[in-house]
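One letter stands for each residue in the lines below.
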Amino acid sequence: MIASASPLPAQTDLSALKFNAWLVVVVTALALLSRLPALTLGLGAAMLLGALIPQRSVLRAAYRMLGPRVGLTPDVVAEDPRAHHFAQGVGGSFLLASGLLSLSGLWVAATVLGLTVMALALLNLSQKICVGCLMYFQFRRLRYALLGR
């Protein structure tokens, strides 16, 4: 059998991205206000796992379980999710660093990192600007310029 010339386009659920952004804002705010680094560490680890192994994503499972209860319906578009996975990995790394800084007693630095992640998630929610996605595309462009691939 001959393979088709164009495989199915990659898909992204915009409702899931919205759910994840709100979850990041709420949990990070709770973690910073209550000074519970375990929340920040747990969310950061979940985000990093979801970025590296999307099919094992805790956030995806939470969206599937809670999304319909909060009125979210899937909004699937033909879009490659790799940029969003990269952005999620960057946010997760920042939150892990924030949690570790909190455990070290460096509350100001931890708070700055946590607020940065919250601000970027809110920017994505309000203006549909994904800074992590922009980073991903700039890195791809740089790789192409340097390596020609």
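Just above, that's the structure.
Conventions we followed
- Residues numbered from 1 in each chain as written.
- Predicted model: local features only at pLDDT ≥ 70, side-chain atom pairs only at ≥ 80, totals over all residues.
- Heavy atoms only, no water.
- Axes fitted to C-alpha atoms, helices over the stretch in contact; angles between N-to-C directions.
- Helix = DSSP H or I, 4+ residues; strand = E, 2+ residues; numbered from the N terminus.
- Parallel < 35°, antiparallel > 145°, perpendicular 65-115°, else oblique.
- Left-handed = near helix turned anticlockwise from the far one by under 90°.
- Nonpolar A, V, L, I, M, F, W, Y, C, P; charged D, E, K, R; others polar.
- Disulfide = S-S within 2.5 Å.
- Buried < 20%, exposed > 50% of the residue type's maximum accessible area, 1.4 Å probe, protein only.
- Core = buried A, V, L, I, M, F, W, Y, C linked by side-chain atoms within 4.5 Å.
- Contact = heavy atoms within 4.5 Å.

Asker: Sorry if this is basic, but what is going on with the packing of helix H2 (residues 37–52) against helix H4 (residues 82–103) here?
Answerer: In a packed pair of helices, the relevant descriptors are the angle between the two axes and the axis-to-axis distance. Interhelical geometry of H2 versus H4 gives an angle of 155° and a closest axis separation of 7 Å. The angle between H2 and H4 falls in the class roughly antiparallel. With respect to the hand of their crossing, H2 and H4 are arranged in left-handed fashion. Looking at the contact of H2 with H4, its residues break down into 12 nonpolar, 12 polar and no charged.

Asker: What am I meant to see in the state of the cysteines here?
Answerer: Linking two cysteines covalently through their sulfur atoms gives a disulfide. Applying the stated criterion to the full structure yields 1 disulfide. The partner cysteine of Cys130 in its disulfide is Cys133, sulfur to sulfur 2.4 Å. Between Cys130 and Cys133, the S-S dihedral sits near 70°, and the bridge is therefore right-handed. The burial state of Cys130 is the same as that of Cys133; both residues are buried.

Asker: It is not clear to me how the nonpolar core should be interpreted in this structure. Could you clarify?
Answerer: One broad trend across soluble globular proteins is that nonpolar side chains are buried collectively. With 12 residues, the main nonpolar core is built from Ala21, Val24, Val25, Val27, Leu32, Leu43, Met47, Leu59, Leu95, Val117, Met118 and Ala121. Going through the elements one at a time, helix H1 (14–34), H2 and helix H5 (107–127) are the ones with two or more residues in this core. No other element matches the 5 residues that H1 contributes to this core. Setting aside anything within four residues of it in sequence, one finds Ala121 in contact with Ala21, Val24 and Val25. Core analysis: the next-biggest nonpolar cluster, separate from the first, contains 5 residues, Ala83, Ala87, Cys130 and Tyr136 among them.

Asker: Honestly, the packing of H1 against H2 in this entry has me stumped. Any pointers?
Answerer: Contact geometry for H1 and H2: axes closest at 8 Å, N-to-C directions at 155°. The pairing of H1 with H2 is recorded here as roughly antiparallel in orientation. Together, Leu23, Val24, Val27, Thr28, Leu30, Ala31 and Ser34 of H1 and Leu39, Thr40, Leu43 and Met47 of H2 make up the contact between the two elements. Each residue belonging to the contact of H1 with H2 can be placed in one class, and the counts come to 8 nonpolar, 3 polar and no charged.

Asker: In this structure, what is going on with the environment of Ala109? I would like to understand it.
Answerer: Position of Ala109 relative to the elements: it lies in helix H5. Remark: the alpha-carbon pair of Ala109 and Ala97, spanning 12 residues in sequence, is separated by 9.3 Å.

These values are about where atoms sit, not about what they do.
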